[in-house]
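Structure at a glance
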Amino acid sequence: MGFICGFSVATGAAARLVSGYDSYGNICGQKNAELEAIPNSGMDHTHRKYVFFLDPCNLDLINRKIKSVALCVAACPRQELKTISDVQKFAEINGSALCSYDLKPSEYASSKAKGLCPKLPVPASAPIPFFHRCAPVNISCYAKFAEALITFVSDNSVLHRLISGVMTSKEIILGLCLLSLVLSMILMVIIRYISRILVWILTFLLILGSLGGTGVLWWLYAKQRKSPKETVIPDQPQVAEANLRALLIYAISATVFTVILFLVMLVMRKRVALTIALFHVAGKVFIHLPLLVFQPFWTFFALVLFWVYWIMTLLFLGTAGSAVQNEQGFVEFKMSGPLQYMWWYHVVGLIWISEFILACQQMTVAGAVVTYYFTRDKRNLPFTPILASVNRLIRYHLGTVAKGSFIITLVKIPRMILMYIHSQLKGKENACARCVLKSCICCLWCLEKCLNYLNQNAYTATAINSTNFCTSAKDAFVILVENALRVAAINTVGDFMLFLGKVLIVCSTGLAGVMLLNYQQDYTVWVLPLIIVCLFAFLVAHCFLSIYEMVVDVLFLCFAVDTKYNDGSPGREFYMDKVLMEFVENSRKAMKEAGKGGAADARELKPMVGGGEEAAALQEFHFLFLSLSLFTDCTCSGEAVVICITQDMLLFLFVCLPITWMAELLSQLRPPSVKVS
């Protein structure tokens, strides 16, 4: 990418982009070399620093350019020129000729000037800062190329009221943005202290909502079934029958879902305690490492800098190459040969380096949290654990981060290509092709999300063991499979709780905005300010709580590694916090009371859920999934019941069973548990 940027600058593309060039290949503001067989080239434009278009409103959106003759002029017309006499007077007073180079100002009014002068009236224009192009002050001539926008703001007064609303309420918008920032910080503190109550409240509300929804569906079905047939419209008996059948299907599906949800909650109720403990410890991490909160802002700043560099280089590439004449005889710069495909590599670089920057944030957070977790005496923490983590990242782990981000890039690029093909073929492809494309896009999206999650845990394993990416990814995957139900509990209960936190912050900020804007009488339309405030509130809440989620995931992997290689005996003490230690002790007591494996096994510490137990739980869940699928097929599929059952059986045989077998295999590869002395 450095070569691409250097090539575009060295070939004069940067000067053509910044200073601009006319239709004859002359760069404005400097002396130019003559181009072979091109008239009016090689002119001295030292005093003509601005590009002026004879017809600036004639746009070609397909080729992304202005279809007009471009000239280098000494000054842009700051006022509208309505007649050719005004154009001639402007040239005589300012020394800025707006007609072709072949004409003198005295010839502007002659028949010789036909087609060589700007289209009248010449709109008032001003130079674009840093890019030396004369752009019309009133951009209404571009309106036909923004039909969607014009449809929304067809009445200019609406646009003016929206803009005036934003400008008048800028103090309120700024205050509400600060309020969302404060609410996010307060919520992070609250989650630490009421995590236990909050998790169980959400669990209770979820079960209660499922029971209530199921009851309402059965009540509606019973009510509609008992309603007299005379009330049904005579011409629509089939509609009423279809509605009744739909209610029955919904009620049965809701019942099955509620039963499965209740069973899952029973199976995972003990594992929810680990989620609560991890949230509590995550709150302590932010107390010892408060600068973690601002990590998203540094990442966003780095991304913005890179995106600015990438866009500038892309613009350079757009003006790089050799001068060629188009159909009108004007000069364009195009690259030929292999160099014309450099922008493809530039696009790949955009995805890869963006993922690399995000991966650096994950590695930095993982390194800081790992340092906190595996430091027994928190008073001996490094002065700046985050800077120490950044130092380790730069010295040792840049290759790990580059490889992880490259794997994501390899998955993201095919998905983006398929999405582009799908958008281009929209309405033209047949149903089969559309289904295949959507299935491929969905599968690649799922694979990308899984790899993202695995990469994040691989970075944590790298921060713990200082191993390479592949080794760390394998270790992290083994631990995640061995603790599949715990991972599910953390990612469902924890993510749902954090999502509700984001919704709470957005709703609170939006409510405060409505109350404040309601008393503002300087304007009437406050929809746009409220939308800006809510979007900013969601962005801030997402930044804060996503870091919280990342810390919880890192703590879980540290906890799993800690309990895997330590047993609390002298010389092999745990590194975990007291809250997590209480969780382990409670698990020991529960296992002793259950009397699993006799007295000998009762003394054995099993901090991780056993491989057989995990596999049995997965098998039970898959069995319930298959039973529900078959029941739904028989109830809803009608004539296609055979196809649907075959599809579900293939899904079960080639997806569910391999996952279970893989879990059992990895559980057998796990080192044996260590007995407490």
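Broken down by element type, the protein chain carries 19 helices and eight strands. Of all 677 residues assigned to the protein chain, the portion counted as buried reaches 40%. Expressed as a percentage of contacts within the protein chain between residues at least 6 apart in sequence, the contacts between residues at least 24 apart total 70%. As displayed, the protein chain has an accessible area near 37,600 Å², and 67% of this comes from carbon and sulfur atoms.

A few words on the nonpolar core. By size, the foremost hydrophobic cluster in this structure holds 51 residues, and its most contacted members are Leu-292, Tyr-548, Val-551, Leu-555 and Leu-580. At the level of secondary structure, the elements contributing two or more residues to this core comprise α6 (170–226), α7 (237–288), α9 (342–373), α14 (484–518), α15 (527–565) and α16 (578–594). The dominant element in this core, judged by the number of residues it contributes, is α15, at 14 residues. Discounting chain neighbours no more than four positions away, the residues touching Tyr-548 are Met-188, Ile-191, Arg-192, Phe-279, Ala-282, Gly-283, Phe-286 and Leu-498. Formed by 24 residues, the second largest nonpolar core is a distinct cluster that contains Leu-54, Cys-76, Tyr-108 and Ala-113.

Right, let's get into unusual backbone geometry. Omega for the peptide link from Leu-120 to Pro-121 comes to -10°, which places this bond in the cis form. Along the chain, Pro-121 falls in the loop between α3 (84–94) and β5 (125–127). One non-glycine residue, Ser-466, lies in the positive phi region at around 60°.

The next thing to look at is the packing of aromatic side chains. Enumeration according to the criterion identifies 13 aromatic pairs in this entry. Ring centres of Trp-352 and Phe-406 lie 4.7 Å apart, and the angle between their planes is 45°; on these two criteria the pair is classed as tilted. In this pair, Trp-352 is assigned in helix α9 and Phe-406 in helix α11 (residues 398–424), connecting sequence segments 54 residues apart. The exposure class assigned to Trp-352 is partly exposed, which follows from its relative accessible area of 29%. A ring pair is formed by Tyr-459 and Phe-469, whose centres lie 6.3 Å apart and whose planes are at 50°; its orientation type is tilted. Of the two residues, Tyr-459 is situated in helix α12 (residues 431–465) and Phe-469 in helix α13 (residues 469–482); the sequence distance between them amounts to ten residues. Phe-469 shares its class with Tyr-459; the two are buried. Following the ring pairs from residue to residue traces out a cluster consisting of Phe-279, Phe-286 and Tyr-548. The ring of Tyr-575 has Arg-376 sitting right over it, with the charged end atom 3.8 Å from the ring centre.

So, about the environment of Leu-539. Looking at the secondary structure, you find Leu-539 in helix α15. Sequence separation between Leu-539 and Ser-180 is 359 residues, and the spatial gap between their C-alpha atoms is 9.5 Å.

Let us look at the state of the cysteines. Considering all chains together, one arrives at three disulfides under this definition. One disulfide bridge connects Cys-28 with Cys-72, the sulfur atoms lying 1.9 Å from each other. Measuring handedness by torsion sign, the sulfur bridge of Cys-28 and Cys-72 sits at about -80° and is left-handed. Taken together, the residues span a long stretch of sequence, with Cys-28 in the loop between α2 (13–19) and β1 (50–53) and Cys-72 in strand β4 (residues 70–73) at a distance of 44 residues. Comparing Cys-28 with Cys-72, the two get one shared label, buried.

Taking 1.5 Å per residue, 35 residues should reach 51 Å; α12 reaches 50 Å between its end C-alpha atoms and fits that length. Once α12 finishes, Ser-466 follows within two positions and takes phi at roughly 60°, a positive value.

On to the pairing of strand β8 (residues 331–334). Remember that side chains alternate between the two faces of the sheet whenever the strand is regular. Note: strand β7 (residues 322–325) against β8, four bridges, orientation antiparallel. In the sheet register, Gln-325 faces β8, and the bridge partner there is Val-331. Here β7 folds back onto β8, and the loop between the two strands holds five residues, one of which, Gly-329, carries a positive phi near 90°.

Quick look at a nonpolar patch on the surface now. Judged by side-chain polarity, Val-182, Ile-186, Val-189, Ile-190, Tyr-193, Ile-194, Ile-197, Ile-201, Phe-204, Leu-205, Leu-208 and Ile-287 come together as a nonpolar surface patch covering roughly 1,100 Å² of accessible area. Looking at which element gives the most residues to the nonpolar patch, the answer is α6, with eleven residues. Tracing the sequence through the fold places Val-189 in helix α6. Val-189 sits in the partly exposed class, given a relative accessible area of 46%.

It is worth spelling out the pattern of salt bridges at this point. Scanning all chains against the criterion turns up four salt bridges. Across the salt bridge formed by Lys-412 and Glu-355, the nearest N and O atoms sit 3.6 Å from each other. Taken as a pair, Lys-412 in helix α11 and Glu-355 in helix α9 lie far apart in primary sequence, 57 residues in all. Accessibility expressed as a relative area gives 14% for Lys-412, which makes it buried. Note that Lys-564 and Glu-482 form a salt bridge whose closest N and O atoms lie 3.7 Å from each other. Here Lys-564 is found in helix α15, whereas its partner Glu-482 is found in helix α13, with 82 residues between them in sequence. A relative accessible area of 18% places Lys-564 in the buried class. A network of salt bridges, in which partner residues are shared, links Glu-355, Lys-412, Arg-415 and Glu-448.

Mapped onto the fold, Asn-391 is located in helix α10 (residues 385–396). The sequence separation of Asn-391 and Thr-364 amounts to 27 residues, and the corresponding C-alpha distance is 9.1 Å.

Ile-4, Cys-5, Phe-7 and Ser-8 are the residues of helix α1 (residues 2–10) that are buried. The arc that holds every buried residue of α1, seen down its axis, measures 165°, which confines them to one face. Turned more than 90 degrees away from the buried face of α1 sit Gly-2, Phe-3 and Ala-10, all of them exposed. If you follow the buried residues of α1, they end up packed against α2, α8 (295–318) and α9.

In this section: the packing of α9 against α12. Helices that pack against each other are described as a pair by the angle of their axes relative to one another and the distance between those axes. It is at 9 Å that the axes of α9 and α12 come closest, and there the two elements cross at 45°. The angle between the axes of α9 and α12 places the two elements in the oblique class. Relative to α12, α9 is oriented so that their crossing is right-handed. Seen from α9, the contacting residues are Glu-355, Ala-359, Gln-362, Met-363, Ala-366, Gly-367 and Val-370; seen from α12, they are Asn-452, Gln-456, Tyr-459, Thr-460, Thr-462, Ala-463 and Ile-464. The class makeup of the residues in the contact of α9 with α12 is seven nonpolar, six polar and one charged.

Let's shift gears to empty space enclosed by the protein. Taken as a whole, this structure holds eight cavities of 30 Å³ or more when the rule is applied. A volume near 70 Å³ is recorded for the largest cavity. Taken together, Met-363, Gly-367, Ser-389, Arg-392, Leu-393, His-397, Thr-462, Ala-463 and Ser-466 make up the lining of the largest cavity. Looking at the lining of the largest cavity, the elements with two or more residues in it are α9, α10 and α12. At three residues, the largest contribution of residues to the lining of the largest cavity is made by α10. Broken down by class, the residue content of the lining of the largest cavity amounts to three nonpolar, five polar and one charged. As a volume, the second largest cavity reaches approximately 60 Å³. Taken together, Phe-52, Phe-53, Leu-54, Pro-56, Val-122, Pro-123, Ser-125, Cys-134 and Pro-136 make up the full set of residues lining the second largest cavity. For the lining of the second largest cavity, the elements supplying multiple residues, two or more each, are β1 and β6 (134–136). Looking at the lining of the second largest cavity, its residues break down into eight nonpolar, one polar and no charged.

Rules of the game
- Residues numbered from 1 in each chain as written.
- Predicted model: local features only at pLDDT ≥ 70, side-chain atom pairs only at ≥ 80, totals over all residues.
- Heavy atoms only, no water.
- Helix = DSSP H or I, 4+ residues; strand = E, 2+ residues; numbered from the N terminus.
- Buried < 20%, exposed > 50% of the residue type's maximum accessible area, 1.4 Å probe, protein only.
- Contact = heavy atoms within 4.5 Å.
- Areas by Shrake-Rupley, 256 points an atom, 1.4 Å probe, with all protein chains shown as cover.
- Core = buried A, V, L, I, M, F, W, Y, C linked by side-chain atoms within 4.5 Å.
- Phe/Tyr/Trp six-rings, centres within 6.5 Å; stacked < 30°, edge-to-face > 60°.
- Lys NZ or Arg CZ within 6 Å of the ring centre and 35° of its normal.
- Disulfide = S-S within 2.5 Å.
- Expected span 1.5 Å × (residues − 1).
- Pairing = 2+ DSSP bridges.
- Patch = residues over 30% accessible without salt bridge, like charges linked within 9 Å, V, L, I, M, F, W, Y side chains within 5 Å.
- Salt bridge = Lys/Arg side-chain N within 4 Å of Asp/Glu carboxyl O.
- Arc of directions from axis to C-beta.
- Axes fitted to C-alpha atoms, helices over the stretch in contact; angles between N-to-C directions.
- Parallel < 35°, antiparallel > 145°, perpendicular 65-115°, else oblique.
- Left-handed = near helix turned anticlockwise from the far one by under 90°.
- Nonpolar A, V, L, I, M, F, W, Y, C, P; charged D, E, K, R; others polar.
- 1 Å grid on protein atoms, 1.4 Å probe; cavity = no way out; pocket = protein on both sides within 12 Å on 5 of 7 lines; lining within 4 Å.
- Points joined across faces, edges and corners; volume = space filled by probe spheres on them.

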